[in-house]
Structures are given as structure tokens and as C-alpha cells.
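# Residue-level structure breakdown
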Amino acid sequence: MEAIAENPNSRLSVVPLKHPPQVIPSSSQTPQPPSQPHVQRRLPTYIENPELSPEAKILCEILTTASPEELPTALSSTGINPVPEIVEEVLKHSYGSCSAAVNFFRWAGAKQKCSAYAWNLMVDLLGKNGSFEEMWDAIRSMKKEGVLSMATFVSVFGSYCSAGRVNEAVMTFDVMDKYGVEPNVVAMNSLLSAICHENNQTSKAFEFFERIKTKIAPDADSFAILLEGWEKEGNLMKAKNTFGEMVIRVGWNPQNMSAYDAFLTTLVRGSQADEAIKFLQVMKGKNCLPGFKFFSNALDILIKQNDSAHAVLFWDIMVGSGLVPNLIMYNAIIGLVCDNNDIDNAFRFLDEMVFYGAFPDSLSYNMIFQCLIKNKKVREAGRFFVEIIKNEWTPTPSNCAAAIRMFFDGDDPEMAVEIWEYMLKNCVLPLEESANAFLIGLSNMGRLTELRRFAENMLDRRIVIYESTMEKLKHVFYKEASRSARDAYDHLSRKWKTS
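Position numbers for residues count from 1 along each chain, tracking the sequence in the order it is written. A pLDDT threshold of at least 70 governs which residues receive local features in this predicted model, and a stricter bar of 80 or more applies before side-chain atom pairs are shown or counted, although totals over entire chains, interfaces and linings include all residues. Just so you know, side-chain values use all the structure's heavy atoms and leave hydrogens and water out.

### Details of the side chain of E89
- Relative to the assigned elements, E89 resides in helix α3 (residues 84-92).
- In contact with E89, other than residues within four places in its own chain, are E51, L52, S53 and A56. Elements are defined by DSSP. Helices are runs of H or I of four residues or more, strands are runs of E of two residues or more, and each kind is numbered from the N terminus. Contacts are assigned to residue pairs that have any heavy atoms within 4.5 Å of one another.

Given below as C-alpha cells:
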């Protein structure tokens, strides 16, 4: 085993996994470094921690400024007694100063016995800095001191895996018992989690799992870790096989929700929403239906896939299970069904949302209004416009312009007039697009008297009339072949040029 420590070369990367391994009780907790240098993140320093004790701050300053030769003398000159709490504080803030931290630890250990947690911090610090030979020296010293624990090996698993040395992490697991720490399901899950944290390494975790499961019985966490790994990698087949084995080995239990979430999300993301729905029906019968988190994520995926049919089915299962969607979720599903011209469901969601305390807002109404306009639902759009303003929401300027065009094309000029007058009265800005659409609509219907009146009013209000619109008006007025019609246009033209 000691040969593991002889090649400290490392390549380092970290990709977090959602499922945290359930490992060590707090009395022997695994050290959590403030960050990891190999992912090229700036390490938080002692300067940035206002809660650092004055003694620890002084010692940290010495570690970052004193030379290796000066360090022991500089530390001793402070007169600070390196009690376990101070040693632990300093080590937690020394991941960016590995050599100085080692010298500090030796100095502190010469003064008084270091705590088991301080030893674990030292092992973690060395491992995260790729100093694996020194890390194993520390582990052997810990064995002599009688302070080795599961936490020590959990740290080693993480260090090797984040350095891309999964095989050595597995070898470490295999020799734990030689160091007096019995490998159990907690250790197995910790190693699985460490491997699955890395990109595209779940297959290696699965190889280890297949070998060790005959000696150590996996629990629900074991499967959850693997399933989250398959989810991250999008491996549908492996996820199905792992989930099937999980059900056989540990059965159904609402406490295994993280595993169910990962499996179902893998199916949805892999465009197998039909399969996911079948499993949801089974889970419902087992009282293991997922919670709000899964449905929210699944709907987000389906919306990105523009899959309104399955999104509606998932929505109905979610609401039917007693989960209460919020306004953001309602607007998301309304937007999706409107994009797919499913007006009936859009109205259904609009009607039901108030019963769940999610009151429609401007976005809710405008998405449906836009859908009605796009599908040229003239009567429905007219009634819905009345509902919008009755509920004191305002149609967007672009929806108003599109609605005016549709109402003229759909032989309902009175509704177009109502929208225009509403825009003027309520200052729905900008007005230009709607104004020009309104004038062209009147032109197409040959309603010259109203056309002149509205155009003059617009010019008086200094609303911009496009040149193309004026050309259209000229054509309509001159087509009348009457002097009064031409004079009316010429008057408008002069006013337009000077406006």
C-alpha cells in the first residue's frame, strides 16, 4: 500500500454532485477545506474571515510572511499556546500554504498533543495539495497515535479522486482494515460519492460497486449516489438497471427521494417522459411520489424541449398529488402551451391558478392574449381584452398593435377603435406601431372620415406616422377621385411634414 504514495503527480478537477455522502459523526468529522487549489479558484484567506480569533490571525500572518528557517522562532516568539482549537483554526485557513502549514503543525505538536480533527485537517490539506507521500506519512503517524478514523479515509478518497487518481482511491479503501479502520457501507458510499463527483467517472464507481457489493450490502444511499452519477452523465440504460436493482434490494421508501428524483430526471432529460410517467404512477401507489423539487426541474426540462403534451401530464400529476405551484410555474406552463397554440389548456391554467393562491399578472394575461391574436381568435380576443382591463392589467404595446391589425382583418373595427382609445387614455407607450396599424386598418376599409379625424389627432399629439403609412393614405384618398378627398390628404400631408 505504501507504494501508493510514491508518485505524487496529479491532474486536478472537481465537478460537484448533488447527493452528499452520509459519513462521519461530528466527533470525527471530515475536514472541509475552504476551497481547492487545483480547480484554480481563489482561496479565501484568514484576512477575509472576521470571526477568526486574534491568536489564529497572528499565527496565520506568520505562516504567510516568515521563511521556513524563521518560522519556528517566529511562532514561538508570539507566546501563543497552540491549543487544539487554535491549531484547527490555523490549518483551516492554510490550504494555500501547504509547506508552512506542515511546519506549523510540527511546531504545535512539539508543544502539546494535536487533536484528531487537526490530524484529519493535515491529511486533507496534504491530499488536496497533491502531497500524497507526505499524506501517507501523516496517516502512519496517526495510526501510531491511535487517532485514525473513517474521516481520515473519506478525506483521502476525495483527494485522490479530485486528482484524477481513482484507482488509488479504490486501493486506499482496500487497505483500510490494515490501518485499523473497518470498511463498511459508510466508507463504500463515501468512495462512490468521491468518484461520482468527477466528470464521466460513474462507470468506475459502478465497477467498484459491483465488486464490493458481495462483501458489503449497499443501502439506499449507495444507489442514490450512482443514480445521480448516471443522471449527470445522461446514461439512461445504466440508470434503469441501477434503479431496478435498488427496488429489489431496498424496496420502496419515501426517504429514498433523492434516488427517485435522479432516476426520473434522467428519464425526462433523455426524452423518455412517457417512461417517467409510468414510474410516477407506480410511485404514487407506493406512497413515494417525488416532491416539488423534482416536478419543478422536470417541467423546466420539458419547457426547454418544447414538449407541452408531457408537461401538461406532469403538471396534472403534480397538482393532483397536492403540490401547489407558484406564479412563476404557472406562467411557465402557460407560456409553453401558448407557444404550442393550446388555448384550451392556457385558459384552464388561468382559471385554476387563483384557487392555489397564484394570482395572474400582466405576463399571464399577455401570453394568452398574444396566443389568441396569433391564432386569429377574433371574438375570444375581444372578450379577453375586456377581461384584461377589467382586472386592471395592461396589454403590451406590441400585443395592442397586433390586436388592432387582427380586429381590422377580422371585420371588427369597433374593437380596434376600443383598443386604440384605451391606449391613448391609459398612455400605453410607445404608440407608433399601434397608431400606424390603426390608420392602415381604416384605410383598407375605406373609412375616410374617421381616417382623417384619427390621423389629425395623432399628428396633434405628435405621434409618429410612418412614410409608408402616408403613402397608403395618399393612395386611398386619391382613389376617391374627388377634390375634397385629395384636399383632405394634402392637408394631412402638409401637417405631417411640419410635425
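Structure shown, so let's carry the discussion forward.
### Focus: the pattern of salt bridges
- Whenever Lys or Arg places a side-chain nitrogen within 4 Å of a carboxyl oxygen from Asp or Glu, that contact is recorded as a salt bridge. On inspection of all chains with the given rule, the structure shows 18 salt bridges.
- Between D300 and K304 there is a salt bridge, with the nearest N and O atoms lying 3.3 Å from each other. Placement of the pair is D300 and K304 together in helix α15 (residues 292-304), with a separation of 4 residues, close to one helical turn.
- Since its relative accessible area comes to 68%, K304 is described here as exposed.
- Note that K495 is salt-bridged to D460, the shortest N-O span being 2.6 Å. Using a 1.4 Å probe on the protein chains alone, a residue whose accessible area is under 20% of its type maximum counts as buried, one over 50% counts as exposed, and one in between counts as partly exposed.

### Notes on unusual backbone geometry
- The amide bond that connects L429 to the next residue, P430, takes the cis arrangement and shows omega of -5°.
- By the secondary structure assignment, P430 is in the loop between α22 (413-426) and α23 (432-445).
- The phi dihedral of D411 is positive, around 60°, even though this residue is not glycine.
- Mapped onto the elements, D411 comes out in the loop between α21 (397-409) and α22.
- Here the phi dihedral of R462 falls at roughly 60°; this positive angle occurs in a residue that is not glycine.
- Turning to its location among the elements, R462 is positioned in the loop between α24 (448-460) and α25 (467-479).

### Some remarks on the packing of α3 against helix α5 (residues 116-128)
- For the pair α3 and α5, interaxial distance at closest approach is 9 Å and the crossing angle is 15°. In terms of their interaxial angle, α3 and α5 are classed as roughly parallel. For the pair α3 and α5, the sense of crossing is left-handed. Of the residues in α5, those touching α3 at V87, E88, L91 and K92 are Y117, A118, L121, M122 and L125.
- In this classification, the charged set is Asp, Glu, Lys and Arg, the nonpolar set is Ala, Val, Leu, Ile, Met, Phe, Trp, Tyr, Cys and Pro, and all remaining amino acids, among them Gly, are polar. For the contact of α3 with α5, the per-class residue count stands at 7 nonpolar, no polar and 2 charged. In this analysis, axes come from line fits to C-alpha atoms, helices being fitted only over the stretch in contact, and the angle between any two N-to-C directions falls in the range 0 to 180 degrees. Note on angle classes: values under 35 degrees are labelled roughly parallel, values over 145 roughly antiparallel, values of 65 to 115 roughly perpendicular, and the remainder oblique. Each crossing gets its hand from how the near helix is turned against the far one by less than a right angle, where anticlockwise is left-handed and clockwise is right-handed.

### Here's the deal with the environment of E471
- For E471, the location among the structural elements is in helix α25.
- Of the residues examined, E471 reaches a relative accessible area of 48% and is grouped as partly exposed.
- Residues E471 and S493, spaced 22 residues apart in sequence, show a C-alpha to C-alpha distance of 9.7 Å.

### Describing a nonpolar patch on the surface
- A cluster of nonpolar side chains, namely V324, V354, F355, Y356 and F359, defines an oily patch on the protein surface of about 530 Å² accessible area.
- Mapped onto the fold, V354 is located in the loop between α18 (343-353) and α19 (362-374). A residue counts toward a patch only above 30% relative accessible area and without a salt bridge, and it is joined to like-charged neighbours within 9 Å or, for Val, Leu, Ile, Met, Phe, Trp and Tyr, to nonpolar neighbours within 5 Å. We get accessible surface area from the Shrake-Rupley algorithm with a probe of 1.4 Å; when it comes to residues, only the shown protein chains can shield them.

### Considering the state of the cysteines
- The disulfide definition used here is simple: a pair of cysteine sulfur atoms within 2.5 Å. This model, assessed by the stated rule, comprises 0 disulfides.
- Note on C338: no disulfide assigned, nearest cysteine sulfur contributed by C371 at a separation of 4.3 Å.
- Judged by relative accessible area, which is 5%, C338 ranks as buried.
- Free cysteine: C427, not disulfide-bonded; nearest cysteine sulfur from C400 at 13 Å.

### Things to note about the packing of α21 against α22
- Two elements in contact, α21 and α22, have axes separated by 7 Å at closest approach and are oriented at 155°. Compared by their axis directions, α21 and α22 come out roughly antiparallel. For α21 against α22, the interelement crossing comes out left-handed. Residue-level inspection shows P397, C400, A403, I404, F407 and F408 of α21 in contact with α22, the latter providing P413, M415, A416, I419, W420 and M423.

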